[in-house]
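Secondary and tertiary structure notes
Next come the chains, spelled out residue by residue.
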Amino acid sequence: MDVGKKWARNGAMLTGAMVLLVAWDYQAALLAPLRAREIRALRDAADLDERIGRAQKLIAEVRPKEAAAAPIRKELDRLQRDVPAGTAMVALPALVREHFGRSGIPVRLIRLNTTRNEPGIPGYERSFWSLALPIDEAGRNITPLLLAAAELDREHPFLKVLDFAIGPDPENPSGRIASLN
C-alpha cells in the first residue's frame, strides 16, 4: 500500500476523531445546563409533592372541623338575620309591639329603664326595658299574653324576659295590667 494513502487515511481518521471529540465536548457543554435544570426541576417537583402531601393532610384535618362548625355558622346567620336593623332604641319598641300584636295584645307602654356597657364586648350595651300590657276586664287575654311573653325569648334570642307581674292598672282602678321587664 502506498504510504501517502496510509497517511491520508490515518489523517482522515484522526480528523474524524477530533471532530467527534469536539462534537462530544460541544454536546456536553450544551447539555450541562439542561441537565442542571432537569435536576432542579426534579428537586422542585419532589418538594412540591411533599407540600401537596402536607396540604392534603391539613385539608383532611380541617374538613371535620368545618362540618362541626356548619350548624354554628347557620345559627349565627339566623341570629344576624333576626337582629333588627338600626339601633335598639328605635327597633325594639316596634318589634315588641308587632310581637304582642300578633296575639291581639296592644302594648300600652314601652319604657327604657337603663343601659349599661356589656363587659367583655366593647361597643355593645345591654338595655333594660319595661312594658305595660293591658288585661281585659274578664281576664280572657291572660293566657295569650302569657304565651306571647314566653315566646318572646324563644323567637328573639337577643331578648330575655326577666320578670312578669300582674297588678292593678293605675289609670283604671277597676282594671289590671301586666308588667314585663
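As the structure is a prediction and not an experimental result, all values here were calculated from the model. In every chain, residue numbers begin from 1 and rise along the written sequence. Where totals are concerned, whole chains, interfaces and linings use all residues; where local detail is concerned, this predicted model gives features only for residues with pLDDT of at least 70, and gives and counts side-chain atom pairs only at 80 or more. No hydrogens and no water enter the side-chain calculation; it runs on all heavy atoms of the structure.

Moving on to the side chain of E118. We count a stretch as a helix when DSSP gives it H or I for four or more residues in a row; a strand needs E for two or more, and each element gets its number in order from the N terminus. Among the structural elements, E118 can be located in the loop between β1 (109–117) and β2 (125–135). For E118, the side chain forms a polar contact with the side chain of R126, separated by 2.9 Å. Residue contacts are defined here by distance: any two heavy atoms, one from each residue, within 4.5 Å place the two residues in contact. Excluding residues that lie within four positions of it along the chain, E118 makes contacts with Y124, E125 and R126. Identification of polar contacts relies on pairs of N or O atoms within 3.5 Å, with a donor-acceptor requirement for protein atoms, meaning one able to donate a hydrogen and the other able to accept it, and with residues adjacent in sequence counted only if both atoms are side-chain atoms.

Attention now goes to the nonpolar core. The definition of a nonpolar core used throughout is a set of buried Ala, Val, Leu, Ile, Met, Phe, Trp, Tyr and Cys residues joined through side-chain atoms within 4.5 Å. Here's how the labels work: a residue is buried when its accessible area is under 20% of the maximum for its type, exposed when over 50%, partly exposed in between, all with a 1.4 Å probe on protein chains only. In this structure, V96, F100, V107, L131, L133 and L180 are the most contacted members of the largest nonpolar core, which totals 19 residues. Of all the secondary-structure elements, those providing two or more residues to this core are α2 (88–101), β2, α3 (142–155) and β4 (172–180). Counting residues per element, this core draws most heavily on α3, which supplies five residues. In this view, F100 contacts I105, V107, L131, L133, L145, A148, A149, L152 and L180; residues no more than four positions away in its chain are not counted.

Looking now at the sheet that holds β2. Strand pairing follows a simple DSSP-based rule, namely that at least 2 bridges must link the two strands. Spatially, the four strands line up as an open sheet ordered β1-β2-β4-β3, and their pairing is antiparallel. With one partner strand each, in any of the chains shown, β1 and β3 (164–169) form the two edges of the open sheet. Sheet twist, expressed as the average angle between the axes of neighbouring strands with direction ignored, equals 20°. Across eight bridges, the pairing between β1 and β2 is antiparallel. Bridge assignment links R116 to a residue of β2, and that residue is R126. For helices, the fitted line uses only the C-alpha atoms of the stretch in contact; every axis is such a line through C-alpha atoms, and the angle between N-to-C directions lies from 0 to 180 degrees.

Next up on the list: the environment of R111. With respect to the helices and strands, R111 occurs in strand β1. Measuring from C-alpha to C-alpha, the distance between R111 and A132 comes to 8.8 Å, with 21 residues separating the pair along the chain. If sequence neighbours within four positions are ignored, R111 has contacts with F128, W129 and S130. Engagement of the side chain of R111 in a polar contact is seen with the side chain of N113, the distance being 3.5 Å.

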